[in-house]
Amino acid sequence: MSPVQTMPPRGYHLSKDELGADILEVAMGPHHPSTHGVFRMDLKLDGETVVDLKPVFGYLHRNHEKIAEDISYPMSMPFTDRLDYLCGMTNNWAYALSAEKLIEIEVPERAEYLRVIVGELTRLVNHCLLIGFFINDLGALGTPLLYALREREKILDLFEVLSGARMMVNYIRFGGVRCDLPEGWLGECQRIVDAFPAFLDEYETLLTENEIIIARAQNVGVVTREEAIDFSLTGPMLRASGVNYDIRKVDRYGIYDRFDFKIPIGGHGDCYDRFMVRMLEMRESVKILKQAIRDLPDGNIMGKAPKIFRPAPGEAYGRIEAPKGELGFYLISDGTPIPYRFKVRPPSFVNLTALRHMCLGHKVADAVIILGSIDIVLGEVDR
Amino acid sequence: MNSPELSDRKEVDLSPEATAKAGVILSSLDWIYNWSRSNSVWPLQFGLACCAIEMIGTAGSRHDIARFGAEVFRPSPRQSDLMIVSGTVTKKMAPQVVRIYNQMPEPKYVIAMGACAISGGPFKQGYNVLKGIDRYIPVDVYLPGCPPRPEALLHSLMTLQEKIKRQKSLGRNITNPAYADGRRVYPVPELKGDDLVPPFNPDVWTPPTANPNVEDGCPKGRPAR
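Bear in mind the structure is a predicted one, so any value in this text is a computation, not a measurement.

Remarks on the packing of aromatic side chains
Residues and elements named next belong to chain A. If you walk through the whole model with that rule in mind, you get 22 aromatic pairs over all chains. For the pair Y95 and F329, a centre-to-centre distance of 5.4 Å together with 50 degrees between the ring planes defines the contact as tilted. One end of the pair, Y95, is in helix α3 (residues 88-102); the other, F329, is in strand β8 (residues 325-333), with 234 residues separating them in the sequence. Take Y95 and F329: they sit in the same class, and that class is buried.

Here it is as structure tokens:
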């Protein structure tokens, strides 16, 4: 009757497999320090080996899509911040992109550059934090995460000066961005971006050739190239498996065709490759940021957006390369100012589908780091 | 024996601050007990949603919650004094939150961090969102914001410290008032159909009835979603 899944009474129970050996069933989560939020894994363990895994989510289902079908298009913008709450800017951008497909709005050049700048800064924040959490899952409690938080604070300061909020920025609008750069912002941004590679060098000295990380992360949670495509993985997860697919290069949305940057590709598809792909992506983001700051033109920041956003009946799907993968918004309009259907294609949710496949046969401790390497945010998984 | 110091008796200031300055600790048991308790509040490492990221940010180097003795985030409720409800509590999650709260040892405190934990926040009209965790467990400090800044979390922690310092170790002040009848656990709600049963815990929360235009915290007449 009740759709809710409650914890087993003691949190675990024993059953027998066909040979009579003990199988331990453990409910890991929803309150667990390494589940990155309120996510639950129902594990079946033979000794320490994972023989079955069932992800259970919905603990943070906040009805984003349903609420959005009750309010007008621009009113959904602040809700998108709270989808993937580490990357407000890219969520705004993806939503604006799909709305701009619904009504043809020309985005001014300066606004496009600003979007790229804040979008790539968001990628730095996300990858920084993710690697901190990932190393945290490996057992290095605190130190690498503190390094990451230190850099994150600097970028959040930029966001705060720009938009008034640290995380829930609500900055991008249909047809442009909300406000222009404050005085001195660009110089400060330039300073932080210039100093960022030094931080990455420091981080890599600490982590990349660390014996423990190599022993724990290499050949753990392998997804082959074909499997990655079959699972519809996107983002760094897909690229770590050796597929050259980045929507910034494929769609060339916005003005990404003007920048010179490379797409890091992994060779093995294990946790270590996912970690390294993100490290290298940060360096590429720094490259993009330097070019965008150098080329930033003067001009308008808002295109000719209609006062009341009332698209003609139709549908649109806009997608961007969010830090976690392909983030898409699918909108159906019935001619009213309120969307008829509002669907989010969240990257972490789709990437999470490969979790069971990756964990089978590994130890429980590896299941934790495999989950960490997927980079999920429950606000986006459950919506 | 006629030294002037002995014959010249004065009133002695016996307040804890004055005696501590003189190198002597002279205090009431309450004062020293509450002083030590309030400066080692161990929070539960319990993140629900967006606010959890700001909570982690508060533990980071810049804001450094360790200055207030609260940096020891414990993963187990058995070892923690403070539950920071950081984020949206959905109807699926609410039973677990209450259960975890029950598992914490007394005396325990709750900070409702962010608009969602206080009232449902921006997701209030959602069909799956609990409209405030104070319906089931007593909340000591309400911390508004979406999400609150780390400085605000520090301020709420200081507010909690003030509250702890005012408590008495004897009598009922130190435990939660709902425990007056000797019960040690709060009833854990159950998700039946599409709502939690019971809808709230009458020991800790009463529905607002003073405003006739407000029904269950929402403007009257708005269809429940």
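Alright, that's what it looks like, and here's the rest.
As for helix α4 (residues 50-59) of chain B
When you tally the buried positions in α4 of chain B, you get eight out of ten residues, the bulk of the element. What α4 of chain B keeps buried is the set C50, C51, A52, I53, E54, M55, G57 and T58 of chain B. For α4 of chain B, the secondary structure elements touched by its buried residues are α4 (109-138) and α5 (143-163) of chain A together with β1 (82-86), β2 (109-113), α6 (114-119) and α7 (150-165) of chain B.

Details of the packing of α5 of chain A against helix α6 (residues 185-207) of chain A
Residue and element names in this part refer to chain A. Contact pair α5 / α6: the axes reach a minimum separation of 11 Å and the direction vectors enclose 170 degrees. Classified by the angle their axes make, α5 and α6 are roughly antiparallel. Residue-level inspection shows P144, Y147, A148, R150, E151, K154, I155, L158, V161 and L162 of α5 in contact with α6, the latter providing W185, E188, C189, I192, F196, F199, E202, Y203 and L207. For the contact of α5 with α6, the per-class residue count stands at 14 nonpolar, no polar and five charged.

Focus on the pattern of salt bridges
Residues and elements named next belong to chain A. In this structure the tally under the stated criterion is 38 salt bridges over all chains. Close ionic contact of E69 with K66 constitutes a salt bridge, the shortest N to O distance being 3.3 Å. A residue is classified by how much of its surface remains accessible, and E69, at 18% relative accessible area, is buried. The network of salt bridges with common partners includes E120, R123, R239, D246, R248, E281 and E321.

What counts and what doesn't
- Residues numbered from 1 in each chain as written.
- Chains lettered and ligands numbered in written order.
- Predicted model: local features only at pLDDT ≥ 70, side-chain atom pairs only at ≥ 80, totals over all residues.
- Heavy atoms only, no water.
- Phe/Tyr/Trp six-rings, centres within 6.5 Å; stacked < 30°, edge-to-face > 60°.
- Helix = DSSP H or I, 4+ residues; strand = E, 2+ residues; numbered from the N terminus.
- Buried < 20%, exposed > 50% of the residue type's maximum accessible area, 1.4 Å probe, protein only.
- Contact = heavy atoms within 4.5 Å.
- Axes fitted to C-alpha atoms, helices over the stretch in contact; angles between N-to-C directions.
- Parallel < 35°, antiparallel > 145°, perpendicular 65-115°, else oblique.
- Nonpolar A, V, L, I, M, F, W, Y, C, P; charged D, E, K, R; others polar.
- Salt bridge = Lys/Arg side-chain N within 4 Å of Asp/Glu carboxyl O.

No statement about biological role is implied by the geometric values presented.
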